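Observations on the three-dimensional arrangement
What follows is each chain in one-letter form.
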Amino acid sequence: MTSFVDRVVLHVAAGNGGHGCASIHREKFKPFGGPDGGNGGNGGDVVLEVDPGVHTLLDFHYHPHQKAPSGKQGQGGNRAGATGQDLVLRVPEGTVVQTTGGEVLADLTGAGTRFVVAAGGKGGLGNAALASPRRRRPGFALLGEAGDVLDVVLELKSVADAGLVGFPSAGKSSLIAALSAARPKIADYPFTTLVPNLGVVDTGEVRYTIADVPGLIPGAAKGKGLGLEFLRHVERCAVLVHVVDAANEEPGRDPVADIEAIERELGQYEGSFGSLLERPRVVVLKKVDLPHGREMADIVHADVEKFGWPVYAVSAASREGLRELSYALAREVAAYRAAQPAPEPTRLVIRPRAVEESSFTVTETADGGYLVRGAKPERWVRQTNFDNDEAIGYLADRLARLGVEEALAKAGAEPGAPVRIGTREFDWQPQLYADEEFVPGNRGTDYRIEGPSARLGAAERKALRKARRVPFEEGTDTSDEEI
């Protein structure tokens, strides 16, 4: 059974905005009281929040699809639709949010840190909000916008102060168990540790966390073994601890060669927090309680010291050297913390609207059509109910006031040319220019779109009546004609 998950692909969908309402106020002795349709509610956001009580991404491994509630539709009586509630997903500290292409969106550290990974759609305006001195009784409302839908990768990079690195079965799990209250799985076969283990060490003045990372082998930085999956857990560590099995009797293995092999893997790993070779290192020669382990530690001690790092001979079984090691790691961690800038409280990031948001471009396509791109035109098209002629006319007025009609004319568009905005394609009709003298007609209609009315005028109806009377006045039999 999976108990620790440190990388998941999360499919998130924010809530859609509710549609606006097209309603007319009616009451006794006041059959037409004006528009009173309310606005639709905004869709809920999908928010990631750091929770110190969460230590794994296991929940998202079993439930990778997360969707926030949508906003409700507006109602008559100027009642706005309910706003969709935000969906807050609790993640462990050290979670890095990336796109599927590898772009880092957020690095979540610090309890309570929040990141809106998917924004909810805006609710559509009701006809009460669309009313104006020129359009006093709109027979339409705007549609709500769709919320963000995307896939993101969550990677957990453990926030530990000291990271234990070394070959499989080097004794890392027994060392973290001896230094802290952690109880990782310990056995005498390779790759016993399949997931990172964290332990807390308290030396009195300094308290720090120590991470036991699964064993590395040559080629780990390129994906061999388990190393590539877990090297990221030592990216944030203040100090790296080389754990070397001094009692190892495998042919071709010795402590110096093991350290050099691990150093090559650390140098080849490309992390997000700088090279791992820049971190302070400490060397631990393990299993000196065994006779051949003690002998090997004494032989290679001088050679290991040539790396320029402190060297400690320890035994998890007899606890020899553990006290000196724990205090040495505490000093390294304290020095690292002192060199870091003072922590600042989490600040809200304000992203103002882009200055050029109202801009747009018109480009001619290979098929003779024209493509209009821009934040405002595309958003207006998404908000339009194309089953309502008055809503289409309102969209045409907005586009004309923005300058889209003029830009199409300058680009060489001819009447009837296909024009694409977002997911919609139109036949361009220049007569739909916004006109200050335009007066909206019946609710839900726009004579500029419908074309000439099928209803006959008074003069035409009079001429038809006169034509029907002519046969009767001339004495023609009209018994079979329709009057």
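Residues numbered from 1 in each chain as written. Predicted model: local features only at pLDDT ≥ 70, side-chain atom pairs only at ≥ 80, totals over all residues. Heavy atoms only, no water.

On to the sheet that holds strand 7 (residues 114-118). Pairing in this open sheet of three strands is mixed, and the strands run 4-2-7 from one edge to the other. Looking at which strands have only one partner, the edges of the open sheet turn out to be strand 4 (87-91) and strand 7. Within the sheet, the average angular offset between the axes of one strand and its neighbour, ignoring direction, is 30 degrees. Pairing between strand 2 (residues 46-50) and strand 7: four bridges, direction antiparallel. When the sheet's bridge partners are listed, Leu 48 is paired in strand 7 with Phe 115. (Pairing = 2+ DSSP bridges. Helix = DSSP H or I, 4+ residues; strand = E, 2+ residues; numbered from the N terminus. Axes fitted to C-alpha atoms, helices over the stretch in contact; angles between N-to-C directions.)

Our next topic: the pairing of strand 1 (residues 7-13). Across seven bridges, strand 1 lies against strand 8 (residues 149-156) in antiparallel orientation. By the bridge assignment for strand 8, His 11 is matched with Asp 151. Sheet analysis places strand 1 next to strand 3 (residues 65-67), joined by three bridges and oriented parallel. Bridging across to strand 3, Val 12 finds its partner in Gln 66.

Inspection of the secondary structure puts Gly 102 in the loop between strand 5 (95-99) and strand 6 (104-108). C-alpha separation for the pair Gly 102 and Val 153, spaced 51 residues apart in sequence, amounts to 8.2 Å.

Quick look at the side chain of His 242 now. Of note, His 242 is situated in strand 12 (residues 239-245). According to the relative accessible area criterion, His 242 is buried, its value standing at 1%. Within the local environment of His 242, its side chain forms a polar contact with the side chain of Glu 263, the two groups lying 2.7 Å apart. Discounting chain neighbours no more than four positions away, the residues touching His 242 are Val 165, Ile 259, Ile 262, Glu 263, Leu 266, Arg 281, Val 282, Val 283, Val 284 and Trp 309. (Buried < 20%, exposed > 50% of the residue type's maximum accessible area, 1.4 Å probe, protein only. Polar contact = N/O pair within 3.5 Å; in protein donor to acceptor, adjacent residues only side chain to side chain. Contact = heavy atoms within 4.5 Å.)

End to end, helix 6 (residues 291-305) covers 21 Å across 15 residues, agreeing with the expected 21 Å (1.5 Å per residue, within 8%). Remark: the principal bend of helix 6, roughly 40 degrees, maps to Ile 299. Along helix 6, the residues that are buried comprise Gly 293, Ala 297, Val 300 and Val 304. (Expected span 1.5 Å × (residues − 1). Bend = angle between axes of the 7 residues up to and from the residue.)

Okay, the pairing of strand 2 next. Of all five residues in strand 2, five are buried, a share of seventy percent or more. Relative to strand 4, strand 2 is paired through five bridges, and the arrangement is parallel. Pairing of Leu 48 across the sheet is with Leu 89, part of strand 4.

Here the focus is the nonpolar core. In terms of nonpolar packing, the biggest core is built from 24 residues, with Leu 175, Ile 210, Leu 325 and Leu 329 touching the most fellow members. Among residues more than four places away in sequence, those in contact with Leu 175 are Leu 164, Val 243, Val 284, Lys 286, Val 314, Leu 322 and Leu 325. Judged by nonpolar contacts, the second largest core, of 22 residues, contains Val 8, Leu 57, Val 91 and Leu 108. (Core = buried A, V, L, I, M, F, W, Y, C linked by side-chain atoms within 4.5 Å.)

The next point concerns the confidence of the model for the protein. Within the protein, residue pLDDT values average 79, and 77% of them lie at 70 or more. By mean pLDDT, helix 4 (residues 227-230) is the weakest element of the protein at 49, and strand 3 is the strongest at 96. Scored below 50 in pLDDT, residues 184-194 shows 27 contacts in the model against residues more than four places distant or in partner chains. (pLDDT = per-residue confidence, 0-100.)

What follows is about unusual backbone geometry. The backbone phi angle of Asn 78 is positive, close to 55 degrees, even though this residue is not glycine. Along the chain, Asn 78 falls in the loop between strand 3 and strand 4. The phi dihedral of Lys 287 falls on the positive side, at around 65 degrees, and the residue is not glycine. With respect to the helices and strands, Lys 287 occurs in the loop between strand 13 (281-286) and helix 6.

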